[in-house]
Structure formats: structure tokens, C-alpha cells
Amino acid sequence: MLGSGEIIGELQMSWDELLDHGDKPFDPSFPPVRGVHPSLTLKVAVVHACDNQTDALSDSLVDCKITRDTDAGHTQFAKYVTSENVSHLNAAVEHFQLVLDQCPVSHPDHAAALANLAYPCLQGYIRKDIQDIDTTTSLFRDALVLRPQRHPDHPLTLYYLTEALTWRHNKKSTAADIREAAQLYRGLLPLCPEGTYLRSIATGPNGVDYVISVCNNLPIDTSDEGIHLRRVVFELCPLGHQLRPSALHWLAQAVEVRFQQCGSIDDIYEAIQLRREVVFLCPEGHADRDSYLNNLALSLESRFIHQGKLNDLEEAISLHEEVLRLRPVGHKYRYFSLGNLGGTLIIRFNKRDDIDDITRAISLCREALALCPPGHLRHDTILNNNLALALNTRYTKLHVSEDLNEAIDRYRESLRLKQHDDPERHVTLRNLSSALCSRFIQTQENEDVEEAITLCQESLADLSLLHPDRHHSYCRLREAYMSRYCVQCEPADLALAVENFRLASRHPTQGFPERIMEAIVWARHAEVYQHESALEAYMTFFELLDAHLATRSSTIPRREAAAAFHCARSLPVDAASCATRRNNLRHAVELVEQGRGQQWSLASRLKTPVEDLESANPTLAHKYLELSKHVSNAAHSSATITDGAAADRAATEYRRLTRQWEAAVAEIRDLRSFSRFLLPLSYEDLQAAARQGPVIILIASQYLCSAIIVPTSGDPRHVPLPSVALAELTNLKDRFARAIRHASTMGPKVPRNDLIVLLRTVWDEIMLPIVNVLQHDLKLTFYSRIWLCPTAAFTSIPLHAAHPFRTNPDRSKEPCLEDLYICSYTPTLSALVRSRQLMKKPVTPSFVTIGQGQPGTGKGKALLAVDSELELVHKLVPATANRTTISGDAATRTNALEALEQNTWVHLACHGKQDRTQPYNSHFVMKDEHLTLLDIMDRDIPHAEFAFLSACHTAVGDEETPDEVIHLAAGLQFSGFKSVVGTLWEVDDAVAKYVVEAFYKYMFKDSEDGVMDCTKAAWALNCATHAVKTKVPLEQRMVFIHIGV
């Protein structure tokens, strides 16, 4: 202490009482000061002065002049506080200035002198008796430098500096001061224990609470510094603090505005998490609950637009409905909720085409507009963002001219009301442009399209280069150029339209769903107008869709994300068709492979074998495998979460891990020989699938139906199918389905005439042209193996059963496909390549038969032949194999999964159900729970070899994404089984046993030393179906297909 300090009380104690404490510290008792009891610890020390040390002792203990001036200053300041006489303040300042002059920078009491002078100056400033606050602030700042962390006076000096900054902001409104004060409070509060005087003033209404309130009212600043300030303010509001909701709200606002400007998905996730906490802190009855619910709904809507998760949209609508309930007729903000709910219903209408949504949206917007007459602050917003947009949207569906004209009028009025610097002006410009384009197409009035182009260009000029909304302006400008091209046929307009397609689909800060849709439209337009950019458009689509699906942490959300682009189901085959029409067959193979099976490739990327990488760089391989494990675990844990806030946290953690994983992958690609690690396979890589025989890709596109044969070596061969068009192919697929259903009602000896006619069509129009190329061009010998890789409508046609059903002139029967070749299927070329790679490791065979013939009530009829089938298979399996059987009550989901993991060969006889709406829920019926496709995919069984699926519908594809071959047989192949026999439709277990028996007899025929070779499965199935012709009806022979090696 410099000087005696401020008198807070008198201590009356004799010398003897003091000396009785010895050298132990003690706490004297003082009356409260400003409501707080002072805390003071004393310790007595006796100093003996020696004659020869008098001068030194005097110098070290006290400087009498400094002490007298300091005490005089305190005395004068105390009089000023009680009398408010400025002369006392001036005297105090004069004395403290004298002290400072006597304590240069090197003096041990320099910091105390600075603080003593600064404090009365600050109080004088507060009472408007001193005008200079800058000098006072500098004094406190200098004192703080001399009182660093752990200095006993550091907290108090820190507080006084925050007070000086706060008062300077109060008088001068300097934002930098209040920002610095918030930062200082962040360091101060942890130094102020509860119950202390300093804590009481620091957390009082004129302390940190004032700083928080002022910071909350600062303009939104999305810079790193601005958002850091919001985080600091939030940290100043612990749980239970009355200002915590507002601090959360303003942090969320800043983060979300940055998302709107820059498009970072992490920002919108954080904003939603913050808003969820605000809503939690403001339960029913809270005055601001409606506002916070509204903000959460708008954030969810933004995330839906960016990511396309329907749950976000539905939750946003639900929240808007709740807000509207909290704002009944007469509420001053009811118009706002009406408009917001209307806007969200417009978005849902664009996704679902439910006319009720757009009808209600227009009704809500009109009601809102009635509450906002001209001159109202929100009149323009309701016009632009809601009613005009709703009318224009309904026009695109119903083409009612009145809607379009009213939308244009309202957009024009909205634009007239907006200032040129209005941050939302670009939205009105592009929306009016779109409406004018629609009218131009209708009326072909040239001034409409010319104005539309000008408006879009003006809209782009208002936006920074990386603003997410530039994507929408590019889209509208593309729309304008395309509209003019369609009417005036100027090639320059088509080129300009394509350039804006390119800019819109590649704009990095816009969400994937919007960019994917633009790439789809680009591909369609390029095809229709035969523009050279078609292949570029397809490749852009595949790249964006792959990146979009990779943001989903698990399998089912990935499929739902892909299925949302229902208009793009045919793009993989259309892309291959486009490359084929341009005579680039290698690229066609690469495109059809990249576009199909994306679900499998994304799921398998975490299971990629890394033996070569382990040899080249074991440390990096270990890092990659560990990160893959973490990403996989995060995906599995997030798949079961239903709570919205928990799901958001899990998604954030998944993205964090995925970024680390992607960084490891990038590091691997920097290694020599690993530049293509986990990238789409090139034609040379894919050709490995044809090592044991050609692979025939059947492409069913609206532009061209044809086949591409990938031979064992050399370039692919194109096989035109001139008699096949997509419409006829779809019709053929439907006729097969009807014929098979009809055959199931017929007796076993009744001729299947309908099927015979259809199989003859498949032979003549599809397979015969392919066979001709195999025989004459590739010189493929009879009984060689071939693999069929069908796409789209081809996946529902039994190509392997193609048959001429004709007799040659010499009365011999014309051979069918299975008389000529051993046919197998493969979902994708990559799947076959992967199965061949896993064949490198020899394993000891073990065989398990799993059967469930009595599944229980509601799970299907009893399968009476299951037990006898299992017994039959058990007898036919070589005795050298480890054989086990699971059936009856033991055939549960858990036991079946364990058996799949522990055995290399599996025979499964039970009910199989294909879920056409959610194929990952396709399942085998067990005694307790279903054994689902998802259960199987979650297993990694690299030692597995062969599975025979004696169940219904085990190799039937996904209706929503027909080029994603998602079925039970493919799932087993994905999990590690190299060779699988599955079924295309319902199996009659009474006759299936004949096929099963014949199959295993051929499978293990001539097995030397009990060797079990899964690569014989296709040949054994071919022999078996020939052998049982007299016992098994046609549709029950052709139901079985082989998949894999």
C-alpha cells in the first residue's frame, strides 16, 4: 500500500494484543463498507533499527514525503466524495500527481501512484467534474502493465480499467472500448471469488452486466474478431445468468449471418445448437419464447436449403405453427409469423408438389399483407419474400396468368420501396427476373427477357464473389439466357446459359442440394440442345452428389439424400449413353460405374484393404485405419439418435472426424503409386473385373438402350440394341412381373406360355446381339463364364434365362444363353474387383446352415420344407468342413449374425422380404427379430466365401434408386462373401429343395480332399437348373441367380 489508503474503519487494539498473535496472520473485524464486509489479513513483525542502518531503513520502509502527499490526497478525495466540492477533487488530484512525479518508472511504488491518480480522475469524470477520460484510461493501463497476473493488486486494477473503458464508451460510444471491456472481464471474473467486495461490484448492474447488454446491442459483425467477442460475452453469462439467453441469441445471430455470407455448414449447425439452448432456457410462458422459436425455425429452414434434410423442414414448419399459436389475432408480430410460415410452406411445396401447401401459403401471405398496409415497416418484406414468391411459385405449377402478373406487379412495388443499399435488394432483383422470364416464354415480349437479364446482372453486382446467393443469381441469369435462346435460337445465348450453369453448379459457398439440382438441369438441357458440355454436366453431378452423400454419417440417411433427387435416377445410364454416343466407351464404363453403386462405394471406403499402403508407409496406414475406425464408430452411434440437439452434436463430431480422415486420405494420395487412392476407378482398374470372363453392362437410357462389353483385355465393345427403347423395356419388365405372378397360380405341368414369349423377346432383342459379338468378335468359347451388369429397367428382367425356344432345321433345339455360357451377375464392376482382391487369402472352410421355417405369428406362413432342406445340405457338404446347423428357436437374429461372422460358407433357408420403400430394411425372417440388410452391411467378414440364399426376393433392386443395386445378396457380397446365390422373386420351398440338392451335388462333385471352391457356384447353378427341368417349373428354375466370382 502506498500511503495509508482510504479509511474504512478503526482498529482498536493494544500493542500487547497485537504482539500476542506472534508471527501468525489474523483477520481483524471491520463494519461493512457499501454493504460488504472488508476482508483484511494482518501479520505483526517487529523491526529493530540499528544506528548504522538508520538511513537505509528509512529508505526501505517509508518515504515520508510520498506518504504525506498520498494520505493528503486520500483525505481530499474522501471529502470530495461526501461534499461533491470540486476543489477537494482538484486538491486530491494535485497531491496524487505530486506523488507520481516523485515515483518514476523505476520506483517500486510507481504502479500504486498511477492507480491512486487515476481513480479520483475516473470518479470526477463519472460525476462530470473532469472532461479528460483518455488520460485516466492510460493511467490504469500503465498500472496494469506493472501489475501482471498473480500480483495482489492485478484484479482491482483490471476492474478499474474496465470501468474506465465502460464510462468512455458510455460517453463517446466507442465500440472498441466496450469490446475491450468484455475481454478484460473475461479475465477478471475468475479472479474474483464469490462473496468478495470486488466480485459484488464486478458483477453488479454497472459492471459486467452493463458490458454484456451493450455488447448485445452492437451491430452484427461476422469477422473473426466480431464473433470472438460474442463468444466472450457468452462466456460471461454462466448457467442461471439472466442475460444468458440474449447472449446466446446474439452469438447465434452473428454465426448465422456469417453462414449466409460465406456458406460454412459448421456455422449453421452451431447457430441451431445455440438457438436450441435459448429455447430450452425460455419455457412456456416466457415473454420472448415466440421470438426464439421463430429464430430456431428460420435457422432450420436455412440448413434444409443448404443440406436438404427433410426433418429440418418439417421441424421448421412445426415451430412456425407453434409461434403462430403464441401470436393470436391482435398480436403485434402476428404478420411476421404468418409470412414466415407461408415462406416455409412454399419451400415444402417445391419439394412435394402438394397443392395444399402453396394454396395455404398464399392465404397466409395475404393475411399478413392485410396487417401490413403501405407505409408499414414490413410491407416490402411480406410483398417480396412471401406473397409475390408464392404467386410466382403457383404459376410454375398451374400456369394461371393472373398469378404471374400479380407477382410481377408486387415485385416491382417491392423494388420501388427498397433503397439501393438494402442488403436484400438482390433477392428482389433476381425474383423479378425469374417472373419476367416466365412471362417472356408465355408472351415472347422481348422487353421482358431483356429486363430480366439486366436485373440478374445488377443482382450479381450487389454481391461479393463468394456470397452464397450468387448461385441463385447465376441460376436466374441462366434461366433468362435459356428463355431467349428457346425463342430466338441464337447460339451465343446457349453458350452464355451453359456458362451460368457452370458457375451456379460450382459456386463453392452454396449448399450441395441446390448445386446438384442445377447440375441435373444442366445435363438435361445439354442433352436436349445437343451441347458439348453434356458430359461435363454429368461429371459435375456425380462429383457433387458424392460429396453431398459423404456428409451423411450413415447408410439410410445417405440413401434418403440420394432419393431426394428423384429426377436424377437415370443420370448414371444417361451419362454412359452420352459417352457411348460420342464413341468414348472407356469413359462410358467409368461413368456408369461412378454413377451406380454410390451407396456401396461410400460405405466401403472405410473398409478398403490397405496392405500395399502398410508396406509403403506403415505409420500413415495405421493413422488412416484408426481414423476410419473413429469415423465408422461415430456413424454407428449417430444412427440411433432421435433427439434433434443430440443429433446436431453428433453430426458436428462426425464432420470433425471426417475432415481428419479426408486429410489423411489427401496425405496418402501424395505418395507415389497412391495418387488414385479411393478415387473412382479408371477403365484399366475396372477391367480387372473381366479377368475370368467378359462383363456385359446393359444400359437402359431414355436416349439410347445398348450394351457395352468389357473384355478381358483391350477396349470395350459397343453392342447396339436397335429394337429396344426405354418405354418398351419398361413394358417388358412389367409384363414379366405379371407373367411370374400368374405362373405361381398354375400347376407345375401347365406350360408357361407367357413366360416363354417374354424370354424369347429377351433373347431376340437383347441377348442375341450380345452373343453374336461374344462369339464372332471376341471368339469366346462355349461354356465360358460371362457376367451381366444390368442397369435401371434391365435389373428387373431375367436376362440369364433368355431363350429362343425354337428348333433348328435339323430338329435340334436352338441353344439358349445358359446352354452357351455360364452366367453370373454383378451389381457393379467394383464389387467384382473387390471380391477378387479378397480371394487372395486362403481360409479354412466352415459351413453353417441357418433355417427358420416357423417364424411366428405375423411373420409369414410356415415353411414346411426348411428342416428337410437343412438336413439335405448338411449331408452334401464335405465331411472335412466344420459343419453346424442353426434352426428353430435357435435361429435368432443374434445367432444368425454370429454364424455369418464365424463361418466361411452359409446356407440360409427362411422367408426373405424385400422392402421396396426402404431397401436397407429388407430382411431375413428369424425367430425373434429380423436380420436386416443393414445388419449384414455393418459386418466386415473378409474371410467369408459363399452364401446360398434359399429365400424370396434376395436379389431384387431398389425402386427409388434403381441404379443403386441395394438388396440382400449384394449386401452379403459387400460384407465379404465373394460368391452368392440369390433369388429374383418368390421361391416355392416345396420345389426349391430340388434345385438346392442338385446345386450342392454339382458344387462338391469331384472335390479332391474335400476342397470347397466358391468359384464353382455359377457352374453348379447352371448344371442344377438344367438337371431339374422335369421337376421344377420354369419360373422356379430361373428365380435363382449367381452373383460374384
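This report concerns the structure included in the present document. If you're wondering where the values come from, they're calculated on a predicted model, not measured in any experiment. Position labels on residues start from 1 in each chain and follow its written sequence. In view of the model being predicted, local features appear only for residues whose pLDDT reaches at least 70, and side-chain atom pairs are presented and counted only at 80 or more, with totals across whole chains, interfaces and linings using the full set of residues. Where side-chain values are given, they derive from all heavy atoms of the structure, hydrogens and water being excluded.

## What to know about the sheet that holds strand β9 (residues 912–913)
- Read across the sheet, three strands follow the order β9-β10-β11 without closing on themselves; strand pairing throughout is antiparallel. Lying at the two open borders of the sheet, with one neighbouring strand each, are β9 and β11 (931–932).
- Here strand β10 (residues 923–924) runs beside β11; their pairing, made up of two bridges, is antiparallel. The partner of F924 across the bridge, within β11, is L931. Strand pairing is defined by DSSP finding a minimum of two bridges between the two strands. Starting at the N terminus, helices and strands are each numbered in turn, a helix being any DSSP run of H or I of at least four residues and a strand any DSSP run of E of at least two.

## Concerning the pattern of salt bridges
- Only one rule defines a salt bridge in this text: a Lys or Arg side-chain nitrogen within 4 Å of an Asp or Glu carboxyl oxygen. Applying the stated criterion to the full structure yields 60 salt bridges.
- Two residues, D648 and R276, come together in a salt bridge whose shortest N-O distance is 3.2 Å. Taken together, the residues span a long stretch of sequence, with D648 in helix α32 (residues 644–669) and R276 in helix α13 (residues 265–281) at a distance of 372 residues. In this pair, the class of D648 matches that of R276, namely buried.
- In this structure, E284 engages R325 in a salt bridge whose closest nitrogen and oxygen atoms are separated by 3.6 Å. Residue E284 is located in the loop between α13 and α14 (289–307), and its partner R325 is located in helix α15 (residues 310–326); the two are separated by 41 residues in the primary sequence. Type-normalised accessible area, obtained with a 1.4 Å probe on protein chains alone, sets the label of each residue: buried when under 20%, exposed when over 50%, and partly exposed for intermediate values.

## Examining the packing of helix α22 (residues 470–488) against helix α23 (residues 491–505)
- Lines fitted to the C-alpha atoms define the axes, with helices restricted to the stretch that makes contact. Angles between their N-to-C directions range from 0 to 180 degrees. Two elements in contact, α22 and α23, have axes whose closest approach is 8 Å; the angle formed by their N-to-C orientations is 160°. Relative to α23, the element α22 lies roughly antiparallel. The chirality of how α22 crosses α23 is left-handed. Across from H471, Y474, C475, L477, R478, Y481, M482, R484, Y485 and Q488 in α22, the residues of α23 making contact are P491, D493, L494, L496, A497, N500, F501, L503 and A504.
- Each residue gets one label: Ala, Val, Leu, Ile, Met, Phe, Trp, Tyr, Cys and Pro are nonpolar, Asp, Glu, Lys and Arg are charged, and the others, such as Gly, are polar. Partitioned by chemical class, the residues of the contact of α22 with α23 number 13 nonpolar, three polar and three charged. Angles are sorted into four bins: roughly parallel if under 35 degrees, roughly antiparallel if over 145, roughly perpendicular if 65 to 115, and oblique for all others. Should the near helix be turned counterclockwise from the far one by less than a right angle, the crossing is left-handed, whereas a clockwise turn marks it as right-handed. Here a residue-residue contact requires only that any non-hydrogen atoms of the pair lie within 4.5 Å.

## Remarks on the environment of I272
- Among the structural elements, I272 can be located in helix α13.
- By relative accessible area, which is 0% here, I272 ends up buried.
- For I272 and H525, which are 253 residues apart along the polypeptide, the C-alpha to C-alpha distance reads 37 Å.
- Residue contacts for I272: discarding those within four places in its chain leaves L296, S299, L300, R303 and D648.

## Description of the nonpolar core
- Take the buried Ala, Val, Leu, Ile, Met, Phe, Trp, Tyr and Cys residues and link them wherever side-chain atoms come within 4.5 Å; each set so joined is a nonpolar core. Grouped together as the largest cluster of nonpolar side chains are 202 residues, with contacts concentrated most on F736, I766, M767, L799, F924 and F999.
- In terms of residue count, helix α35 (residues 753–777) provides more of this core than any other element does, eleven residues in total.
- Setting aside chain neighbours within four positions, we find M767 in contact with V762, L788, L799, A802 and L817.
- Ranked by size, the runner-up nonpolar core spans 53 residues in total, among them A113, C121, I133 and Y185.

## Considering the packing of aromatic side chains
- Two rings belonging to Phe, Tyr or Trp (six-membered ring only in the last case) form a pair when the distance between their centres is within 6.5 Å. Interplanar angles under 30 degrees mark stacking, angles over 60 mark edge-to-face geometry, and anything in between is tilted. What the rule picks out here adds up to 22 aromatic pairs.
- Ring pairing ties together the aromatic residues F847, W905, F946, F948, F999, Y1000, F1004 and F1040, which thus form one cluster.
- Across the ring face of Y269, the terminal group of R655 is positioned such that the distance to the ring centre comes to 3.9 Å. The criterion for a charge sitting over a ring is simple: Lys NZ or Arg CZ within 6 Å of the ring centre, and within 35 degrees of the ring normal.

## Here we look at the pairing of strand β4 (residues 785–790)
- Of all six residues making up β4, six are buried, and the element is well covered by its neighbours.
- Burial along β4 is two-sided: the residues R785, W787 and C789 and I786, L788 and P790 are all buried.
- Relative to β4, strand β1 (residues 695–700) is paired through four bridges, and the arrangement is parallel. Bridge pairing links V695 to W787 in β4.
- Pairing geometry for β4 and strand β5 (residues 822–825), over four bridges, is parallel. When the bridges of β5 are listed, L788 appears paired with Y825.

## Topic: helix α38 (residues 866–876)
- Every buried residue belonging to α38 is among V866, E869, L870 and V873, and all of these are buried. Projection of α38 onto a plane perpendicular to its axis shows the buried side chains occupying an angular sector of 100°, all on one side. Away from the buried face of α38 by more than 90 degrees, exposed residues D867 and K875 are located.
- Residues of α38 that are buried make contact with β6 (846–851), β7 (882–887), β8 (905–909), β12 (946–950) and α42 (989–1003). Summarising the geometry, the arc corresponds to the directions from the helix axis toward the C-beta atoms.

## Here we look at helix α4 (residues 86–102)
- Along its 17 residues, α4 runs 25 Å from first to last C-alpha, staying within 8% of the 24 Å computed at 1.5 Å per residue.
- Among all positions in α4, only H88, L89, A92, V93, F96, V99 and L100 are buried. Here the buried residues of α4 occupy an arc of 135° about the axis, which is enough to place them on one side. Exposed residues lying more than 90 degrees from the buried face of α4 are E94 and D101.
- Along its buried surface, α4 packs onto α3 (64–83), α5 (110–126) and α6 (134–146). An expected span of 1.5 Å times one less than the residue number is assigned to each helix.

## Observations regarding the state of the cysteines
- Disulfides are defined in this document as cysteine sulfur pairs within 2.5 Å. Under the criterion given, the structure shown has zero disulfides.
- Summary of cysteine pairing: C437 is not part of a disulfide, and the nearest cysteine sulfur, belonging to C456, is at 6.7 Å.
- With a relative accessible area of 0%, C437 lands in the buried category.

## Thoughts on the side chain of H154
- Among the structural elements, H154 can be located in helix α7 (residues 154–172).
- At 2.6 Å, the side chain of H154 and the backbone oxygen of R147 are in polar contact.
- Once you skip the residues sitting within four places of it in the chain, H154 turns out to touch L144, R147, P148, Q149 and L191. The definition of a polar contact used here is a pair of N or O atoms within 3.5 Å, where within protein one atom must be able to donate a hydrogen and the other to accept one, and adjacent residues in sequence count solely through side-chain atom pairs.

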